[in-house]
Amino acid sequence: MTAQPPPVLLLSKPQVESLLPMDECIETVATALSTLSRGESVQPLRSATWLPDRRGLLGTMPGMSGGDSPTLGIKIVTVFPGNHPSGNGEATALPSHQGVVLVFDARRGNLTAILDAESITALRTAAASAVATRALAREDATTLALLGSGVQANTHLEAIRLVRPIRRVQVWSRTAEHARAFAQQATEKWDLPVEAVPDPRTAVEEADIVCTVTGASEPVLRGAWLAPGTHVNAVGACTPNARELDTEAVRKARLYVDRRESCHSESGDFLIPKAEGALSEDHIVGEVGELLLGDVPGRGSPDEITLFESLGLAVEDLAAADRVVRKALDSGLG
């Protein structure tokens, strides 16, 4: 007689958020990136199914996060950039990123958990930037520039504050009203001066750390604006034809990636300058996981500009999901 698999754990967005504080997520993602660079995880390239009019896509991100707690699974997510706050200040009914993370038993293959993907994505993406910032930004970095004022701007502010002594934040958005609302809410939430500025150059020129978290397909960050010693986390562009950084910004920086194969296939920030002949494959110093393992060098001087190209990986989602599931089972949630 065939045994019945155990019940499947279902975890909502509020439950995921309560079980995965940012400081824990940062350490979880750091371990996942190191494990990947050691060759202990499985990370295929993701696939995207676009609607005919290109207004949205269905993305599938399978993988196995290895290490002491192997986690097999897949994130299935829709990306609809048009699901943004409306002009009258009221949010649309749905966020731009929606989906689920499915977790399977890596020994027997049965489905063990279904988690909200919006929360996992928001947390682990910012955590990855924090891991890179902790490894690459100057120790005395205190000024943060956010290009973009959506969900990722909020989680990035939370995460970067945990790894560097941020005392000042400047935020820019293509919609000035959104930047002002973000600045007001963030100032109250974090008891930190957050200022909305009228253009990205103003946000960036005096910044020690820059996070690009927009939905832009053309550059919003130019290399000419970057002061010596700046660290950049490039987060928003994840297709070969879209980029947030101009060629000069990438050319003048020491470039680190989450995964070489992903960068070679998906990163417009890298692929477009490469097609222009402005840089070669050797411009990639290494993966952040390799940096954490000591296999590639980090910042060489206080004046160097460093860049983390973050495309987002299934192993990050799965490592975070595994931590949430374990805590949920321990606490009886879900």
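Note that the structure is predicted; figures quoted are calculated from it, not measured.

Caption draft 1: Layout of the confidence of the model for the chain. Overall, the predicted model of the chain reaches an average pLDDT of 94, with 96% of residues at or above 70. Note on residues 86-91: pLDDT is under 50 here. Beyond four places in sequence and across chains, it has five contacts.

Caption draft 2: Main features of the environment of Leu 123. Here Leu 123 lies in helix α3 (residues 117-136). Between the C-alpha atom of Leu 123 and that of Glu 158, which follows or precedes it by 35 residues, the distance is 9.6 Å. Excluding residues within four positions of it along the chain, Leu 123 makes contact with Glu 17, Leu 20, Met 22 and Cys 25.

Caption draft 3: Representation of the packing of aromatic side chains within the structure. For the structure shown, the criterion picks out zero aromatic pairs. Above the face of the Trp 50 ring, Arg 54 is positioned so that its terminal group lies 3.9 Å from the ring centre.

Caption draft 4: The arrangement of the pairing of strand β3 (residues 57-65) in detail. What you see with β3 is a clean split: Leu 57, Gly 59, Met 61, Gly 63 and Ser 65 sit on the buried side and Leu 58, Thr 60, Pro 62 and Met 64 on the side with no burial. Examined bridge by bridge, strand β2 (residues 47-50) and β3 share four bridges and lie antiparallel to one another. Considered in β3, the bridge of Trp 50 is made with Leu 57. Linking β2 back to β3 in an antiparallel pair, the connection comprises six residues, with Arg 54 at a positive phi of about 65°. When β3 meets strand β4 (residues 71-79), the two strands line up antiparallel, connected through nine bridges. Residue pairing in the sheet places Pro 62 in a bridge with Ile 74 of β4. Where β3 folds back onto β4 in an antiparallel hairpin, the turn is made up of five residues, including Gly 67, whose phi is positive at roughly 90°.

Caption draft 5: Focus on the sheet that holds strand β10 (residues 209-212). Across the sheet, which stays open at both edges, the eight strands sit in the order β9-β8-β7-β10-β11-β14-β12-β13 with parallel pairing between neighbours. Each having just a single partner strand, β9 (194-196) and β13 (284-287) make up the two edges of the open sheet. Between one strand axis and the next, the sheet turns through 20° on average, direction left out of account. Here helix α4 (residues 151-161) sits on the sheet in contact with β7 (143-147), β8 (168-172), β9, β10 and β11 (231-234), set at roughly 165° to β7.

Caption draft 6: Structural context of the pairing of β7. Here β7 lies mainly inside the structure; five of its five residues are buried. Residues Thr 143, Ala 145 and Leu 147 point to one face of β7 and Leu 144 and Leu 146 to the other, with burial holding for every one of them. With five bridges joining them, β7 and β8 adopt parallel strand pairing. Across the sheet, the residue bridging to Leu 147 is Trp 172, located in β8. Bridge count between β7 and β10: four bridges; the pairing is parallel.

Caption draft 7: Structural view of empty space enclosed by the protein. By the definition in use, this model includes one cavity of 30 Å³ or more. The calculated volume of the largest cavity comes to roughly 50 Å³. As for the largest cavity, its lining consists of Gln 43, Pro 44, Leu 45, Arg 46, Met 61, Ser 262, Glu 266, Gly 312 and Leu 313.

Caption draft 8: Structural view of the environment of Ala 242. Summarising the element assignment, Ala 242 is placed in the loop between β11 and α7 (247-251). If we ignore the near neighbours within four places in the chain, the residues touching Ala 242 are Ala 216, Ser 217, Ala 237, Gly 268 and Asp 269.

Caption draft 9: The state of the cysteines, seen in detail. Taken as a whole and assessed by the stated rule, the structure comprises zero disulfides. Unpaired in terms of disulfides, Cys 211 finds its nearest cysteine sulfur in Cys 25, a separation of 15 Å. In this structure Cys 211 comes out as buried when scored by relative accessible area, which is 0%. Take Cys 263: it sits in no disulfide, and the sulfur closest to it among the cysteines is that of Cys 238, at 12 Å. Accessibility expressed as a relative area gives 1% for Cys 263, which makes it buried.

Caption draft 10: Structural detail: the pattern of salt bridges. Under the counting rule described, the total for this entry stands at 25 salt bridges. A salt bridge links Arg 138 to Asp 208; its shortest N-O distance comes to 3.0 Å. Taken as a pair, Arg 138 in the loop between α3 and β7 and Asp 208 in the loop between α6 (200-204) and β10 lie far apart in primary sequence, 70 residues in all. As a salt-bridge pair, Arg 251 and Glu 248 come within 2.8 Å of each other at their nearest N and O atoms. Here the residue Arg 251 and the residue Glu 248 both occupy positions in helix α7, the gap between them amounting to three residues, near one helical turn. Shared partners join several salt bridges into a network, and the residues in it are Lys 75, Arg 124, Glu 316 and Asp 317.

Caption draft 11: Focus on helix α11 (residues 314-331). Compared with the 26 Å implied by 1.5 Å per residue over 18 residues, the 25 Å span of α11 between its first and last C-alpha is a close match. Those residues of α11 not exposed but buried are Ala 314, Val 315, Glu 316, Asp 317, Leu 318, Ala 319, Ala 320, Ala 321, Asp 322, Val 324, Val 325 and Ala 328.

Rules and cut-offs
Residues numbered from 1 in each chain as written. Predicted model: local features only at pLDDT ≥ 70, side-chain atom pairs only at ≥ 80, totals over all residues. Heavy atoms only, no water. pLDDT = per-residue confidence, 0-100. Contact = heavy atoms within 4.5 Å. Helix = DSSP H or I, 4+ residues; strand = E, 2+ residues; numbered from the N terminus. Phe/Tyr/Trp six-rings, centres within 6.5 Å; stacked < 30°, edge-to-face > 60°. Lys NZ or Arg CZ within 6 Å of the ring centre and 35° of its normal. Buried < 20%, exposed > 50% of the residue type's maximum accessible area, 1.4 Å probe, protein only. Pairing = 2+ DSSP bridges. Axes fitted to C-alpha atoms, helices over the stretch in contact; angles between N-to-C directions. 1 Å grid on protein atoms, 1.4 Å probe; cavity = no way out; pocket = protein on both sides within 12 Å on 5 of 7 lines; lining within 4 Å. Points joined across faces, edges and corners; volume = space filled by probe spheres on them. Disulfide = S-S within 2.5 Å. Salt bridge = Lys/Arg side-chain N within 4 Å of Asp/Glu carboxyl O. Expected span 1.5 Å × (residues − 1).

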